[in-house]
Amino acid sequence: MEMKFGCIVLVFLGFLIFGKAEVYIVTMEGEPVVSYRGGVEGFEATAADSDEKIDITSELVTSYSHHLVKKHDMLLGLMFDRGTYKKLYSYKHLINGFAVHTSPEQAEALSRAPGVRSVERDWKVRKLTVHTPQFLGLPMGVWPTGGGCDRAGEDIVIGFVDSGIYPLHPSFSTHNTAPYGPLPSYRGKCEIDPDTKRNFCNGKIIGAQHFAAAAIAAGAFNPSIDFASPLDGDGHGSHTAAIAAGNNGIPLRMHGFEFGRASGMAPRARIAVYKALYRLFGGFVADVVAAIEQAVHDGVDILNLSVGPNSPPATTRTTFLNPFDATLLSAVKAGIFVVQAGGNGGPFPKTLVSYSPWITSVAAAIDDRRYKNHLFLGNGKTLPGLGLTPGTHSNRTFTLVAANDVLLDSSVMKYSPSDCQKPEVFNKNLVKGNILLCGYSFNFVVGAASVKKVSETAKALGAIGFVLAVENVSPGTKFDPVPASIPGIVITDVGKSMDLIDYYNSSTSRDWTGRVKSFKATGSIGDGLKPVLHSSAPQVALFSSRGPDIKDFSFQDADLLKPDILAPGSLIWAAWSPNGTDEANYLGEGFAMISGTSMAAPHVAGIAALVKQKHPKWSPAAIKSALMTTASKFDRAGKPIQAQQYSGSETVTLVPATPFDYGSGHVSPRAALDPGLIFDAGFNDYVKFLCSTPGIEPREIANFTSSSCKSTNGHPSDLNTPSIAISHLVGTRTITRTVTNVAEEETYTITTRMSPEIAIEANPPAMTLLPGASRNFTVTLTVRSVTGTYSFGQVLMKGSRGHKVRIPVVAMGYY
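Keep in mind the model is a prediction, meaning the values are calculated, not measured.

1. Focus: the sheet that holds strand S39 (residues 774-783)
Hydrogen bonds along the backbone pair up the strands of a sheet, which may run parallel or antiparallel.
Point 1. Ordered by their spatial adjacency, 4 strands build an open sheet running S33-S35-S39-S37, and the pairing between neighbours is antiparallel. Each edge of the open sheet carries a strand with a single partner, namely strand S33 (677-678) and strand S37 (758-763).
Point 2. Judged from the 2 bridges that link them, S33 and strand S35 (residues 732-741) form a sheet pairing that is antiparallel. Within the sheet, the bridge partner assigned to Ile678 lies in S35 and is Thr740.

Laid out in structure tokens, this is it:
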């Protein structure tokens, strides 16, 4: 009877008029490799007892994987006619399911088919160094413990799900390094470049693959600019890989100037490339999940994701249980440390796009290096601005000429000539030997104009230098210093731009038609090549996404503190792909200085590689704990870290930072190698966390984790994280945490601090732990007064041997 019904379905669907095909991610009943404990006849269990790497090469894993793929193919073959769908990927290691390109009608039929747990339409994701190793204290404080920079990160593989890599860059070359031996624990493959026929790998780059089936099916892929290979067509992937694991001591030269020497955090770590992001459209979750699956299959130790959803997933009610986060939960079960950029939606609350406790979510800091420059006017005024350029000749001033006054023909006004993007519209004789004044229009904001082009225009016309005056600014516009080969400056302050324009107009005489008779305004540009080091660093960058974390699409607060940690993410110098087109100011360059939580995440991935190298048996949660409990809440001057924030409409001010800005604080690599105590957690703890989160149905949890809820009691804040967050505290709540001693025998005293609206107490006040021993302590929070805002505090454990273990506490009291 059942068989006949199946045939009827097949025929009926064969005659359907199909809507526009889309990509869907389908999850199936039955465990994936990582959590299969047996039960299917003929297939033995493949799950490991604890959260550790699975031997993918084993006969058991291979045969069970084939079994799952066969089931995916059989379901599709039974339900639909050939040619009406295309299976793009089978997911078998971390989730059991597949990605299929088919019509909405067929997707609807799939969702009702026996054995299918969920069908979700694919959605898009987007992309979310020279000086930072010194700022973080790596060369003196950390690398020596790992055998020096020649060995820092040795034999640790960091996987990058990003926009690919430019393999010929000196940051990834093996010419001047000790040879890299084989690494049997890593089983990734290396694609061959279809154009050059060259291998993408060289020992340093140990794997290189690309994933674009969903992008191709969606019609978004353009092989001429996206490259059907791991080649970086964007620049972003090369940049993140170099921050985490680029070679040490690479001279960073641009326009004939050297801006220092570049190095990754773990310069000896291996790089495994999983390209799933593309230049113009970002990427699709189906491709990203396939890339993560492959990375785990191949045996990476650390996974860096400078990628996140554009917004909370609309299709799943729970942020923690979208296919992306669920896949990463399985990756953590397989023993992989996952780092994700927190997002660039700051400085507004609830803008994070990295949600789950098994992921390390990174916020972006401004480090201590700032580039400043000055324009000196003939009337004695000095105007500050940005310009990573040499100065004009000392003790000389030059005539200032405005772009609109040196046009060849007034008819070219349609080109918006004040942008200075096209040299051919200007009178070279009037510009030569002078400083060209240009206007910063909206074209710069949308990327249609670039500072690089202004400098090229000025140079082509024989100008001594250029000035770009910002006359109005839209809120959120970010001005970064841009390197140029000739003197140049961007006057970012609107008031100062007005000073310049007033001086120019009052010094310039014109005839009755408005044509200039004589240019009399003069000026000179300072040297902007040398950075100024500030002690008020780090600060939380304006763009860095803020907490509180959210648990669902209606933006309800989660009982989980996010972000987890702060790392440098503003104006980071690192490798760039010369064919990378992501930043107009760095077209064709070998290096770029860019900002984003995308730059902060690989700092943490590289530092995690150093921790993993020293403690190879530690779980992902243990590594995360070491990074978090040792992080700093203070800047270089010893003052509490501040966060950039808007005051009024568009002026940026500094306010005291909270854990919603920086999590536990700014990463401290040296301390993370020797944290004293760790807060450990594993897959089962994360399942318990999900089961205790109100609003998540047990069926949903079973769908994504292949685990059932033994109980839905308890609270999400019971998860053994190195932080405590309670979004709805009524009366009194006692939270238990377990610490494990990873050092010698030590006695810890526990102290607490909290803002006065909430009372906090820890028990016991002191405890002694033997090496390897675990002990529980409790933290009791009691509402004293209700303010409608969060209160912040901390628990500090001070060890008799000098270890300091600190966890942040956030809570909001209710009656």
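There is more to say after this.
2. Describing the pairing of strand S2 (residues 86-91)
Point 1. Here 5 bridges tie S2 to strand S3 (residues 97-102), and the two strands are oriented antiparallel to one another. Its bridge partner being in S3, Ser90 is matched across the sheet by Phe98.
Point 2. Linking two consecutive strands that pair antiparallel, namely S2 and S3, is a turn of 5 residues.

3. A closer look at the UniProt feature "domain: Subtilisin-like protease fibronectin type-III" (unreviewed entry) in the chain
Point 1. Look at the UniProt record and you will see "domain: Subtilisin-like protease fibronectin type-III" (unreviewed entry) annotated at residues 718-810.
Point 2. Taken end to end, residues 718-810 has its terminal C-alpha atoms 14 Å apart, with 0% of it in helix and 67% in strand.

4. With respect to the sheet that holds strand S38 (residues 766-769)
Point 1. Strands sit in the order S34-S41-S40-S36-S38 across an open sheet of 5 strands; the sheet is mixed. Looking along the sheet, the strands with just one partner apiece sit at the ends: strand S34 (724-730) and S38. Each strand axis lies, on average, 25 degrees off the axis of its neighbour in the sheet, ignoring direction.
Point 2. The pairing of strand S36 (residues 746-754) with S38 spans 4 bridges and is antiparallel.

5. Some thoughts on the state of the cysteines
A covalent bond bridging the sulfur atoms of two cysteines is what the word disulfide describes.
Point 1. Within the structure shown, the criterion is met by 3 disulfides.
Point 2. Cys190 shares a disulfide with Cys201; S-S distance 1.9 Å. A torsion of -95 degrees about the S-S bond marks the disulfide between Cys190 and Cys201 as left-handed. Of this pair, Cys190 sits in the loop between strand S6 (157-162) and strand S7 (205-210) while Cys201 sits in the loop between S6 and S7; the two residues are 11 residues apart in sequence, bridging distant segments of the chain.
Point 3. For Cys691, the disulfide goes to Cys709, at an S-S distance of 2.0 Å. Taking the torsion about the sulfur-sulfur bond, which here is approximately -85 degrees, the covalent link between Cys691 and Cys709 counts as left-handed. With Cys691 in helix H19 (residues 683-692) and Cys709 in the loop between helix H20 (698-705) and S34, this residue pair connects regions lying 18 residues apart in the sequence.
Point 4. A relative accessible area of 5% means that Cys691 is categorised as buried.

6. Some words on the UniProt feature "active site" (unreviewed entry) in the chain
Point 1. UniProt records the feature "active site" (unreviewed entry) at Asp162, His236 and Ser598, using the numbering of this structure. Across 437 residues in sequence, these annotated residues keep their C-alpha atoms within 9.9 Å of one another, forming a single compact spot.
Point 2. Note on placement: Asp162 falls in strand S6.
Point 3. Setting aside residues no more than four positions away along its own chain, Asp162 makes contact with His236, Gly237, Thr240, Tyr274, Lys275, Ala276, Leu277 and Ser306.
Point 4. Summarising the element assignment, Ser598 is placed in helix H15 (residues 597-614).
Point 5. Of note is the side chain of Ser598, whose polar atom sits 3.0 Å from the side chain of His236.

7. Side note on empty space enclosed by the protein
Point 1. By volume, the largest cavity is sized at about 90 Å³.
Point 2. Lining the largest cavity are 13 residues, and of these Lys53, Ile54, Ile56, Val296 and Ala334 sit closest to its centre.
Point 3. Here the lining of the largest cavity is built from residues that sort into 9 nonpolar, 2 polar and 2 charged.
Point 4. Of the residues that make up the lining of the largest cavity, three or more belong to each of domain 1 (22-121) and domain 2 (132-368 + 536-673).
Point 5. In this model, the second largest cavity occupies a volume close to 70 Å³.
Point 6. Taken together, Pro357, Ala621, Lys624, Ser625, Phe679, Ala681, Tyr686, Asn720, Thr721 and Pro722 form the lining of the second largest cavity.
Point 7. Counting residues domain by domain, the lining of the second largest cavity receives three or more from each of domain 2 (132-368 + 536-673) and domain 4 (719-813).

8. Observations concerning the pattern of salt bridges
Point 1. Evaluation of the coordinates by the stated rule reveals 16 salt bridges.
Point 2. Among the ionic pairs, Arg112 bridges to Glu108, the shortest N-O distance being 2.9 Å.
Point 3. We classify Arg112 as exposed; its relative accessible area is 59%.
Point 4. Of the residues examined, Glu108 reaches a relative accessible area of 44% and is grouped as partly exposed.
Point 5. In this structure, Asp661 and Arg546 form a salt bridge, with 2.9 Å as the shortest nitrogen-oxygen distance. Residue Asp661 is located in helix H17 (residues 659-662), and its partner Arg546 is located in the loop between strand S27 (539-540) and strand S28 (565-568); the two are separated by 115 residues in the primary sequence. Considered together, Asp661 and Arg546 belong to a single accessibility category, that of buried residues.
Point 6. Members of the salt-bridge network, linked through shared partners, are Lys452, Lys453, Glu456 and Glu589.

About the criteria used
- Residues numbered from 1 in each chain as written.
- Predicted model: local features only at pLDDT ≥ 70, side-chain atom pairs only at ≥ 80, totals over all residues.
- Heavy atoms only, no water.
- Pairing = 2+ DSSP bridges.
- Helix = DSSP H or I, 4+ residues; strand = E, 2+ residues; numbered from the N terminus.
- UniProt positions renumbered as here; feature names shortened; annotations may be inferred.
- Axes fitted to C-alpha atoms, helices over the stretch in contact; angles between N-to-C directions.
- Disulfide = S-S within 2.5 Å.
- Buried < 20%, exposed > 50% of the residue type's maximum accessible area, 1.4 Å probe, protein only.
- Contact = heavy atoms within 4.5 Å.
- Polar contact = N/O pair within 3.5 Å; in protein donor to acceptor, adjacent residues only side chain to side chain.
- 1 Å grid on protein atoms, 1.4 Å probe; cavity = no way out; pocket = protein on both sides within 12 Å on 5 of 7 lines; lining within 4 Å.
- Points joined across faces, edges and corners; volume = space filled by probe spheres on them.
- Nonpolar A, V, L, I, M, F, W, Y, C, P; charged D, E, K, R; others polar.
- Domains from an automatic or database assignment.
- Salt bridge = Lys/Arg side-chain N within 4 Å of Asp/Glu carboxyl O.

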